[in-house]
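Results of the structural survey
Chain by chain, the residues run as shown.
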Amino acid sequence: MSILTLPARHLASAYAPAWNARAAIWFIAPWLLPLSLYALWHLGAEQGWISPQVLPPPSYVWDTLSELTTSGDLWLNLKASLLRVLVGFAVGSLLGLILGTAMGLWRPLQAYLLPTFNALVQIPVLAWLPFVLLLVGIGEPLKYILIAKAALVPVTLNTLQGFRLASPALREVAHVYGYTRRQEVVEVVLPLATPTIFTGLRLGFTKAWLSLVVVELVASSEGLGYLIVYGRQLFQLDLVMAAVIVVGAIGYLIDRLLDWSEARFIGARAASRLGTQGEAP
């Protein structure tokens, strides 16, 4: 029997093992590097290649992490860090969306603001610290402002870039079909800009999370960054490593959450548009 005459279910069953093996490889591949680094870390500690005072064994780090969890210190500092990053990220993202949309819709505003904005964004967060410190002091507003600034930059630039994806020719076609300004933005520009805007939000959160740790390293009495500084001051590198692991894990989980939200949002918009087209006479 020729392969061209095989039923579809037979073809699917014939290729199923290959597809399953490929899916397993794609699932395992991202874990190879971290597992290899962990194995090297464990082997180096067991063989005494590095002094425990310089790089503590994994067992010490897990014990410290367990003690932090049991005592409640981890949750207290994690709660403080999450509150700061969520407030700062929300404020910075909202301002970035507004500013990027305004520059994307009004070219004169873009011509006035974009050069100055591009100059100011080159200044790192730590360089703004003394100036903001003089304005608002060392309290929580200092952290919110610096985290919001870090999120503002990528959200603004990616929102602006997303609005640039709608070419003037495409907008002219919408104008010919009688679209109002609002319809043009909602039905033509935003669908093209949405993936780029979500990329900006993910980058904005990454910048906000990094800035949170930096700010807490410099001026804080609680938070994950404070745990890192406290462990360094006492030369408890197991505490430093435990806090670093928590920072990386939380940042990764929230990034995955944003990625899932983007997929769901874009999928829902696509399904809605297909449903609308299907109902059209």
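Residues numbered from 1 in each chain as written. Predicted model: local features only at pLDDT ≥ 70, side-chain atom pairs only at ≥ 80, totals over all residues. Heavy atoms only, no water.

With that out of the way, let us pick up the side chain of T64. As for its placement among the helices and strands, T64 is situated in helix α2 (residues 58-71). Setting aside chain neighbours within four positions, we find T64 in contact with D238, L239 and A242. (Helix = DSSP H or I, 4+ residues; strand = E, 2+ residues; numbered from the N terminus. Contact = heavy atoms within 4.5 Å.)

Time to look at the packing of aromatic side chains. In the structure shown here, the tally under the stated rule is four aromatic pairs. Centroid distance F205 to W209: 6.0 Å. Interplanar angle 20°. Geometry classified as stacked. Taken together, the residues span about one helical turn, with F205 and W209 both in helix α8 (residues 181-218) at a distance of four residues. Of the two residues, F205 and W209, both sit in the buried class. An aromatic cluster is present here, built from F89, F205 and W209 joined pairwise through their rings. (Phe/Tyr/Trp six-rings, centres within 6.5 Å; stacked < 30°, edge-to-face > 60°. Buried < 20%, exposed > 50% of the residue type's maximum accessible area, 1.4 Å probe, protein only.)

This part covers helix α6 (residues 140-164). Structural remark: α-helix, 3.6 residues per turn; residues separated by three or four positions point the same way. Along its 25 residues, α6 runs 36 Å from first to last C-alpha, staying within 8% of the 36 Å computed at 1.5 Å per residue. Roughly 25° is the biggest bend found in α6, and it falls at L152, with proline P154 one to four residues downstream. Most of α6 sits out of view: 18 of its 25 residues are buried. (Expected span 1.5 Å × (residues − 1). Bend = angle between axes of the 7 residues up to and from the residue.)

It is worth spelling out the pattern of salt bridges at this point. Enumeration over the complete set of coordinates arrives at eight salt bridges. R84 is paired through a salt bridge with E222; the nearest N and O atoms lie 3.9 Å apart. Here the residue R84 occupies a position in helix α3 (residues 73-105), and E222 occupies one in the loop between α8 and α9 (224-233), the gap between them amounting to 138 residues. On the basis of relative accessibility, which here comes to 30%, the residue E222 falls in the partly exposed class. Between D255 and R256 there is a salt bridge; the shortest N-O distance is 3.1 Å. Overall, the relative accessible area of 16% leaves D255 in the buried class. Residue R256 is classed as partly exposed on the basis of its relative accessible area of 34%. Connected via shared salt-bridge partners are R84, E140, K143, E216 and E222. (Salt bridge = Lys/Arg side-chain N within 4 Å of Asp/Glu carboxyl O.)

What follows deals with the UniProt feature "transmembrane region" (unreviewed entry) in the chain. Under the local residue numbering, the UniProt record ascribes the feature "transmembrane region" (unreviewed entry) to residues 23-41, 85-106, 112-136, 208-228 and 234-254. Counted over residues 85-106, helix gives 95% and strand 0%. Its end C-alpha atoms are 31 Å apart. In the segment residues 234-254, helix accounts for 86% and strand for 0%; the C-alpha atoms at its two ends are 30 Å apart. (UniProt positions renumbered as here; feature names shortened; annotations may be inferred.)

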